[in-house]
Amino acid sequence: MTRLQDWSEDAACRRGDSDALFADGPGQARAKTICTGCTVRTECLSDALDNRIVWGVWGGMTERERRALLRRRPHVTSWKKVLLDSKTAQSESESA
């Protein structure tokens, strides 16, 4: 089983209409709410960034937001590492 299959099994969007994640305009704001509180949001976003997925809402970010982030941080070679390290640091600071 690949890593993609592992995290996607737990994705909040699997329980609803996945087509809603590929909306335009106001539909994107509604789609982003699906990601709120999703337990695999970080993994989803890092997969979309690392693989340069251009359509839809992934990990709570629209394609426009992801493109802007990629332009701001072109040196990042592994978003998975950056985001998971950040998630770990945040969890540690909240428990301290």
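Residues numbered from 1 in each chain as written. Predicted model: local features only at pLDDT ≥ 70, side-chain atom pairs only at ≥ 80, totals over all residues. Heavy atoms only, no water.

**A look at the packing of helix 3 (residues 41–50) against helix 5 (residues 79–95)**
Packing of helix 3 against helix 5 leaves a shortest axis separation of 8 Å and a crossing angle of 155°. With respect to helix 5, the element helix 3 is oriented roughly antiparallel. Considering how the two elements wind past one another, helix 3 and helix 5 form a crossing that is right-handed. Packed against helix 3, whose contacting residues are Thr-42, Glu-43, Leu-45, Ser-46, Leu-49 and Asp-50, the element helix 5 presents Trp-79, Lys-80, Leu-83, Leu-84 and Lys-87 at the interface. (Axes fitted to C-alpha atoms, helices over the stretch in contact; angles between N-to-C directions. Helix = DSSP H or I, 4+ residues; strand = E, 2+ residues; numbered from the N terminus. Parallel < 35°, antiparallel > 145°, perpendicular 65-115°, else oblique. Left-handed = near helix turned anticlockwise from the far one by under 90°. Contact = heavy atoms within 4.5 Å.)

**What about a positive patch on the surface?**
Taken together, Arg-64, Arg-67, Arg-71, Arg-72 and Arg-73 make up a surface patch of like positive charges. On the secondary structure map, Arg-73 appears in the loop between helix 4 (63–72) and helix 5. (Patch = residues over 30% accessible without salt bridge, like charges linked within 9 Å, V, L, I, M, F, W, Y side chains within 5 Å. Areas by Shrake-Rupley, 256 points an atom, 1.4 Å probe, with all protein chains shown as cover. Salt bridge = Lys/Arg side-chain N within 4 Å of Asp/Glu carboxyl O. Lys, Arg positive; Asp, Glu negative; His and termini not counted. Charge placed at Lys NZ, Arg CZ, Asp CG, Glu CD.)

**Some words on the packing of helix 3 against helix 4**
Their axes nearest at 11 Å, the elements helix 3 and helix 4 cross at an angle of 65°. Classified by the angle their axes make, helix 3 and helix 4 are roughly perpendicular. As helix 3 runs across helix 4, the sense of the crossing is right-handed. Facing Leu-45, Ala-48 and Leu-49 of helix 3, the residues of helix 4 in contact are Arg-66, Leu-69 and Leu-70. When the residues that make up the contact of helix 3 with helix 4 are grouped by side-chain class, the tally is five nonpolar, no polar and one charged. (Nonpolar A, V, L, I, M, F, W, Y, C, P; charged D, E, K, R; others polar.)

**Examining helix 3**
For helix 3, the tally of buried residues reaches eight of ten residues, placing the bulk of the element in the interior. Restricting attention to buried positions, one finds in helix 3 the residues Thr-42, Glu-43, Cys-44, Leu-45, Ser-46, Asp-47, Ala-48 and Leu-49. Positive phi appears at Arg-52, one or two residues downstream of helix 3, with a value of about 50°. (Buried < 20%, exposed > 50% of the residue type's maximum accessible area, 1.4 Å probe, protein only.)

**Quick notes on the pattern of salt bridges**
On inspection of all chains with the given rule, the structure shows four salt bridges. The shortest N-O distance in the salt bridge between Glu-65 and Lys-32 comes to 2.7 Å. Placement of Glu-65 in helix 4 and of Lys-32 in helix 2 (residues 26–35) is noted, with a sequence separation of 33 residues between them. Taking the shortest distance from any N to any O, the salt bridge between Asp-85 and Lys-81 comes out at 2.7 Å.

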